Amino acid sequence: MKSSEIRQQFLDFFESKQHKIVPSAPIVNKDDPTLMFINAGMNQFKDYFLGNKTPDNPRISDTQKCLRVSGKQNDLEEVGIDSYHHTMFEMLGNWSFGDYFKKEAIAWAWELLIDVFKIDKANVYVTVFEGDKSDGLEADMEAVEFWKEWIEEDKILYFDRKDNFWEMGETGPCGPCTEIHVDIRSEAEKAKVPGKDLVNMDHPQVIEIWNLVFIEFNRKADGSLENLPKKNIDTGMGFERLCMVLQGKTSNYDTDVFIPFIKFLEKESGKKYTFDYAHTAKSDIAMRVVADHLRAVAFAITDGQLPSNNGAGYVIRRILRRAVRYYYSFLEVRNPLLHKMLPLLASEFELVFPELKNQLEMVTKVIHGEEQAFLNTLEKGINRFNAIDTSSGAISGKDAFELFDTFGFPIDLTRLMASENGVKVDDKGFDTALAEQQNRGRADAQKSVGDWTELTADPSVEFVGFDHLSVDDAAVVKYRTVKIKKKDQFQIVLNKTPFYAESGGQHGDTGLMFFGEEKVPVLDTQKENDL
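Residues numbered from 1 in each chain as written. Predicted model: local features only at pLDDT ≥ 70, side-chain atom pairs only at ≥ 80, totals over all residues. Heavy atoms only, no water.

### Re the overall build of the protein chain
Link 1 in the chain: Counting its secondary structure elements, the protein chain contains 16 helices and 21 strands.
Link 2 in the chain: Expressed along its principal axes, the backbone C-alpha trace of the protein chain runs to roughly 90 × 50 × 50 Å.
Link 3 in the chain: Within the span of the protein chain, comprising 531 residues, buried residues form 51% of the whole.
Link 4 in the chain: The contacts of the protein chain with a sequence gap of at least 6 include a subset with a gap of at least 24, amounting to 69%.
Link 5 in the chain: Here the protein chain has roughly 25,300 Å² of accessible surface; of this, 49% comes from carbon and sulfur atoms.
Link 6 in the chain: Side chains of the protein chain carry 64 positive and 87 negative charges; the gap between the two charge centres is 1 Å. (Helix = DSSP H or I, 4+ residues; strand = E, 2+ residues; numbered from the N terminus. Buried < 20%, exposed > 50% of the residue type's maximum accessible area, 1.4 Å probe, protein only. Contact = heavy atoms within 4.5 Å. Areas by Shrake-Rupley, 256 points an atom, 1.4 Å probe, with all protein chains shown as cover. Lys, Arg positive; Asp, Glu negative; His and termini not counted. Charge placed at Lys NZ, Arg CZ, Asp CG, Glu CD.)

### Observations regarding the nonpolar core
Link 1 in the chain: Judged by nonpolar contacts, the single largest core of 118 residues is most densely connected at Leu 113, Ile 119, Trp 147, Ile 209 and Trp 210.
Link 2 in the chain: Of the residues forming this core, the biggest block, 13 residues, is contributed by helix 9 (residues 282–302).
Link 3 in the chain: Look past the residues within four positions of Trp 210 in its chain and what remains in contact with it is Phe 10, Phe 14, Asn 94, Ala 109, Leu 112, Leu 113, Thr 178, Glu 179, Ile 180, Thr 235, Gly 236 and Met 237.
Link 4 in the chain: In this structure, Trp 166, Val 213, Ile 215 and Leu 228 belong to the second largest nonpolar core, which totals 15 residues. (Core = buried A, V, L, I, M, F, W, Y, C linked by side-chain atoms within 4.5 Å.)

### Section: helix 14 (residues 397–407)
Link 1 in the chain: Gly 397, Asp 399, Ala 400, Phe 401, Leu 403 and Phe 407 are the residues of helix 14 that are buried.
Link 2 in the chain: Note on helix 14: the residue one or two positions beyond its end, Gly 408, has a positive phi of about 75°.

### A few points about the pattern of salt bridges
Side-chain pairing between opposite charges can occur once the charged atoms of the two side chains come close.
Link 1 in the chain: Scanning the model with the defined rule gives 30 salt bridges in all.
Link 2 in the chain: The closest approach of N and O atoms between Asp 140 and Lys 102, which form a salt bridge, is 2.7 Å. On the criterion of sequence distance, the pair formed by Asp 140 in the loop between strand 6 (124–129) and helix 4 (141–147) and Lys 102 in helix 3 (residues 102–116) is long-range, its members being 38 residues apart.
Link 3 in the chain: Using a relative accessible area of 5% as the deciding quantity, one classes Lys 102 as buried.
Link 4 in the chain: In this structure, a network of salt bridges that share partners links the residues Asp 135, Arg 161, Glu 167 and Arg 219. (Salt bridge = Lys/Arg side-chain N within 4 Å of Asp/Glu carboxyl O.)

### Regarding the environment of Ser 96
Link 1 in the chain: Mapped onto the secondary structure, Ser 96 falls in strand 5 (residues 88–97).
Link 2 in the chain: Taking the C-alpha atoms as reference points, Ser 96 and Gly 131, separated by 35 residues in sequence, lie 23 Å from one another.
Link 3 in the chain: When near neighbours in sequence (up to four residues on either side) are disregarded, Ser 96 contacts Pro 58, Asn 232 and Ile 233.
Link 4 in the chain: Side-chain polar atoms of Ser 96 contact the backbone nitrogen of Asp 99, separated by 3.1 Å.
Link 5 in the chain: Within polar-contact distance, the side chain of Ser 96 engages the backbone oxygen of Tyr 100 at 2.8 Å. (Polar contact = N/O pair within 3.5 Å; in protein donor to acceptor, adjacent residues only side chain to side chain.)

### Let's talk about the packing of aromatic side chains
Link 1 in the chain: Following the criterion strictly, the structure yields 24 aromatic pairs and no others.
Link 2 in the chain: Here Phe 349 and Phe 353 contribute two aromatic rings whose centre-to-centre distance is 5.8 Å and whose plane-to-plane angle is 15°, an arrangement assigned as stacked.
Link 3 in the chain: Residue classification places Phe 349 among the buried residues on the basis of a relative accessible area of 4%.
Link 4 in the chain: Here a set of aromatic residues connected by ring pairs shows up, and it is made of Phe 10, Phe 13, Phe 14 and Trp 210.
Link 5 in the chain: Above the plane of the ring of Tyr 326 lies Arg 325, whose end atom (NZ or CZ) is 5.7 Å from the centre. (Phe/Tyr/Trp six-rings, centres within 6.5 Å; stacked < 30°, edge-to-face > 60°. Lys NZ or Arg CZ within 6 Å of the ring centre and 35° of its normal.)

### Brief notes about the environment of Glu 179
Link 1 in the chain: Here Glu 179 shows up in strand 9 (residues 172–183).
Link 2 in the chain: Ignoring any residue separated from it by four or fewer positions in sequence, one finds Glu 179 in contact with Tyr 125, Val 126, Thr 127, Asp 163, Asn 164, Asn 200, Glu 208, Trp 210 and Asn 211.
Link 3 in the chain: Here the side chain of Glu 179 touches His 181 through a polar contact of 3.0 Å, side chain to side chain.

### As for the state of the cysteines
Link 1 in the chain: The full count for this structure, using the stated rule, is zero disulfides.
Link 2 in the chain: This cysteine, Cys 174, is not joined by any disulfide, and Cys 177 carries the nearest cysteine sulfur, 11 Å off.
Link 3 in the chain: Accessibility expressed as a relative area gives 0% for Cys 174, which makes it buried.
Link 4 in the chain: Assessed through its relative accessible area of 1%, Cys 177 is described here as buried. (Disulfide = S-S within 2.5 Å.)

### Considerations on the pairing of strand 11 (residues 225–238)
Link 1 in the chain: As paired elements, strand 5 and strand 11 share five bridges and run antiparallel to each other. The partner of Leu 92 across the bridge, within strand 11, is Met 237.
Link 2 in the chain: Alignment of strand 10 (residues 206–219) against strand 11, held across nine bridges, turns out to be antiparallel. In the sheet register, Trp 210 faces strand 11, and the bridge partner there is Met 237.
Link 3 in the chain: Here strand 10 folds back onto strand 11, and the loop between the two strands holds five residues, one of which, Gly 223, carries a positive phi near 90°. (Pairing = 2+ DSSP bridges.)

### So, helix 7 (residues 239–246)
Link 1 in the chain: Counted residue by residue, helix 7 has eight buried out of eight residues, so it is predominantly covered.
Link 2 in the chain: Following helix 7 by one or two positions, Gly 248 has its phi on the positive side, about 70°.

### A look at the environment of Gly 51
Link 1 in the chain: Topologically, Gly 51 is positioned in the loop between helix 2 (46–50) and strand 2 (59–67).
Link 2 in the chain: Separated by 329 residues in sequence, Gly 51 and Lys 380 have C-alpha atoms that sit 54 Å apart.

### Looking at a nonpolar patch on the surface
Link 1 in the chain: Nonpolar side chains collect at one region of the surface, where Phe 490, Ile 492 and Phe 515 lie side by side and expose about 280 Å² of accessible area between them.
Link 2 in the chain: By the element assignment, Ile 492 lies in strand 18 (residues 487–494).
Link 3 in the chain: For Ile 492, a relative accessible area of 32% puts it in the partly exposed group. (Patch = residues over 30% accessible without salt bridge, like charges linked within 9 Å, V, L, I, M, F, W, Y side chains within 5 Å.)

Here you go:
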């Protein structure tokens, strides 16, 4: 089946079980201060679980856009390296708000996977919660008894809180869960090692595809658990992983969810994707990273989160710049690439997430601008990175901060590049340098500085102030916005200038610049806080 058919068959199945099919919530979470992005299908239903609101149907099903790149749920570092982690992914789910509970959830999951999707039950294993003394919880023997109606008891495996107690964050609705795992290894590999020995061992072909969560508690801020007013069901099945299993692949990236984008990247870069996960080429990893990150960035922008220098906007900028660095370094593409893939992405998701196609022009402009801005400084940043002394086996916090502050390298990008070169990053030193800058900013009337916009490939600057007090033919090399006391100012670099910059105890020069008929004052940075 095509991925679109798999998705629709899931929704049709639960519609036949009297579930209301609802649209995905926006991937950007604007209404819940405990979460920056939607990281699970149940997020939009939090108030239903807590009893604060009542749904018009106690049974709901959907496919939800999710993003896991920050906080407790963070898969960013694994993306592109393995065959099944993603930043943005779809979560197929079905929910019961005080209606059915464990018995029906388990029975319907088995019916869909085995009877409808025809997965060989010999390859299926399930896990249950073994209990946790610190929370005063016993093993979930109720789930065990229901599973024994469908699967052999030796395929029911017990795991601790880390694997089988699900929580959306530090606080909120939570509960024990039962996971369904599928072994898609070859028969020869199965004969060597039983699948049950590889469950939850991060084996790329013995994977969890569905998690059935029994939401019956609320985790309070003090860490304690309280019973919810009603018992609820929250299930989440990774759409990309399900497609891998049903399409007979050994990687999510080999399914028709991602192959159209990998083919596009092959054509643009002139490099061949090898499908070899045992000895992966850097170009293969780059194609997977770009194909994955495109989705995260595009849908986040579509849902209202523009890239920026702080908060959720900075997370999106980090992902975008990570993708740019991969295609620049390993696909050897030197011009903006992500925005070219947007029409294909919009077309692929037109029937399930039509909002991207409806905002395609805006999203394209934003992503193209972000790509171009980072590409303007990326090569210089890479050259600076390569010039750093790493004889100690580490990149100093000062150097890491320079890459961040001057060249726009997010710290996780510096860590990634350092790892590729077998060195570490002094994270503590970076945090200290960042904190010092932030303290300076707070002391400086909450000054906020934007990224440089470069207008020329030639960054050379000539100072003529020792001989001249004015210049008639200067041009702007680059500029950035500086917000001081909620007022916008601009820092401008000219290719030729008579202005002496603050140095050696001498204040910077002041004066005027003329852009046509417009007169712009040049300020002494020592006095800008008095403006």
